[in-house]
Amino acid sequence: MRICIEGLMGSGKSTFCEYLGTYIREPALGGFGNGFIGELNYLLARKRSWREHSSKAGLHYFDRSVWSSEVFWLPEYSYNHLSYDELQLLFTTRDALLRDADLPDLVVWLRASVLTCSRRLSVRGDFDSDTDIEYLCRLESSYVDLMDRLKAEGVQIMEINM
C-alpha cells in the first residue's frame with residue numbers, strides 16, 4: 001500500500017512523517033524546487049522513489065508524491081521562476097513519467113489554513129520562513145485542483161484539518 005502525505009508547507013507533513021518513521025521505515029522525500037532544474041530534479045526523484053517501492057510488499061508512505069510536484073509549478077510560473085516553455089516541459093515530462101505509474105492507494109491531505117502555515121513557517125525559521133501568503137494561497141488552490149482530480153480517478157483522500 002502506498003500512502004502519500006500532502007499539504008502546504010507548514011501543515012505538518014514532515015512532523016507527521018517523522019512520527020510514522022518511528023513505526024515504519026520508509027523514505028520521506030519532501031523538499032521543494034526553485035526554478036526549472038529544482039522542480040525537474042524533485043519530479044524525477046519522486047518518480048524514482050515511487051517506482052522503487054511499487055513492487056515491494058507492505059506499507060510505504062511518501063512525503064509529497066510524484067503527483068503533487070505539479071502543485072508548485074503554476075505558482076512558480078506566476079512568480080517568474082519558470083518560463084512558459086519550462087512549465088510546458090515539466091507538464092510533458094510529468095505526463096510521460098506518470099503514464100505507467102500506479103495511483104496512490106491513499107492520500108493523507110493535511111490541511112491547515114494559509115495563516116496557520118504562514119505562522120508556522122515564520123517560527124520554523126528555515127528556507128521557507130519568508131514564504132508570502134499569496135504564494136501559499138496559490139499553492140492551496142493548486143492542491144484543491146489536484147485532490148479533485150485524484151478523487152475523480154478513484155483515489156481515496158483522507159482530509160485532516162489541522
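Residues numbered from 1 in each chain as written. Predicted model: local features only at pLDDT ≥ 70, side-chain atom pairs only at ≥ 80, totals over all residues. Heavy atoms only, no water.

Some points on the overall build of the protein chain
Helix and strand content of the protein chain: six helices and four strands. Along the chain direction, N to C, the helices and strands of the protein chain fall in the order β-α-α-β-α-α-β-α-α-β. With the C-alpha coordinates of the protein chain rotated into their principal frame, the extents come out at 40 × 35 × 25 Å. Counting over 162 residues, the protein chain shows a buried share of 49%. (Helix = DSSP H or I, 4+ residues; strand = E, 2+ residues; numbered from the N terminus. Buried < 20%, exposed > 50% of the residue type's maximum accessible area, 1.4 Å probe, protein only.)

Side note on the packing of aromatic side chains
Going through the model one piece at a time under the given rule, you end up with five aromatic pairs. The structure contains a cluster of three or more aromatic residues connected by ring pairs, namely Trp50, Phe62 and Trp67. (Phe/Tyr/Trp six-rings, centres within 6.5 Å; stacked < 30°, edge-to-face > 60°.)

Things to note about the packing of helix α5 (residues 114-124) against helix α6 (residues 133-152)
One way to put it is that α5 packs onto α6 with a least axis distance of 10 Å and a crossing angle of 125°. When the interaxial angle is binned, α5 and α6 end up oblique. Considering only the axes of α5 and α6, their crossing is right-handed. Seen from α5, the contacting residues are Val114, Leu115, Cys117, Ser118 and Leu121; seen from α6, they are Ile133, Leu136, Cys137 and Glu140. Split by residue class, the contact of α5 with α6 holds seven nonpolar, one polar and one charged. (Axes fitted to C-alpha atoms, helices over the stretch in contact; angles between N-to-C directions. Parallel < 35°, antiparallel > 145°, perpendicular 65-115°, else oblique. Left-handed = near helix turned anticlockwise from the far one by under 90°. Contact = heavy atoms within 4.5 Å. Nonpolar A, V, L, I, M, F, W, Y, C, P; charged D, E, K, R; others polar.)

A few points about the confidence of the model for the protein chain
Mean pLDDT for the protein chain: 85, with 94% of residues reaching 70 or above. Confidence drops under a pLDDT of 50 for residues 28-32, and excluding neighbours within four residues, the segment shows 16 contacts in the predicted structure. (pLDDT = per-residue confidence, 0-100.)

Examining the side chain of Lys47
As for its placement among the helices and strands, Lys47 is situated in helix α2 (residues 36-54). Of note is the side chain of Lys47, whose polar atom sits 3.4 Å from the side chain of Asp100. Excluding anything up to four places from it in sequence, Lys47 contacts Val66, Leu97, Asp100 and Ala101. (Polar contact = N/O pair within 3.5 Å; in protein donor to acceptor, adjacent residues only side chain to side chain.)

Considerations on the pairing of strand β3 (residues 106-111)
Within β3, five of the six residues are buried, leaving the element largely enclosed by the surrounding structure. Here strand β1 (residues 2-7) runs beside β3; their pairing, made up of five bridges, is parallel. In the strand pairing of β3, Ile5 is matched with Val108. Alignment of β3 against strand β4 (residues 156-161), held across six bridges, turns out to be parallel. Within β4, the position partnered with Leu110 by the bridge is Ile160. (Pairing = 2+ DSSP bridges.)

Side note on a nonpolar patch on the surface
A cluster of nonpolar side chains, contributed by Leu74, Tyr77 and Tyr84, occupies part of the molecular surface with about 310 Å² of accessible area. Among the secondary structure elements, Tyr77 is positioned in helix α3 (residues 73-78). A relative accessible area of 33% means that Tyr77 is categorised as partly exposed. (Patch = residues over 30% accessible without salt bridge, like charges linked within 9 Å, V, L, I, M, F, W, Y side chains within 5 Å. Areas by Shrake-Rupley, 256 points an atom, 1.4 Å probe, with all protein chains shown as cover. Salt bridge = Lys/Arg side-chain N within 4 Å of Asp/Glu carboxyl O.)

Remarks on the nonpolar core
Counting residues in each nonpolar core, the largest one holds 35 residues, and the members touching the most others are Trp67, Leu139, Met147 and Leu150. At the level of elements, α2, α4 (84-98), β3, α5 and α6 are the ones that each hand at least two residues to this core. Among the elements that line this core, the one with the most residues is α6, at seven residues. Ignoring any residue separated from it by four or fewer positions in sequence, one finds Met147 in contact with Glu6, Val107, Trp109 and Ile157. Ile3, Leu20, Tyr61 and Leu110 belong to the second-largest nonpolar core, a separate cluster that totals nine residues. (Core = buried A, V, L, I, M, F, W, Y, C linked by side-chain atoms within 4.5 Å.)

Some remarks on the environment of Arg2
Along the polypeptide, Arg2 turns up in strand β1. Residue Arg2 is classed as buried on the basis of its relative accessible area of 8%. Residues Arg2 and Ser83 lie 81 residues apart in sequence; the distance between their C-alpha atoms is 33 Å. For Arg2, the contacting residues outside a window of four places in its chain are Trp50, Ser54, His60, Phe62, Asp102, Leu103, Pro104, Asp105 and Leu106.

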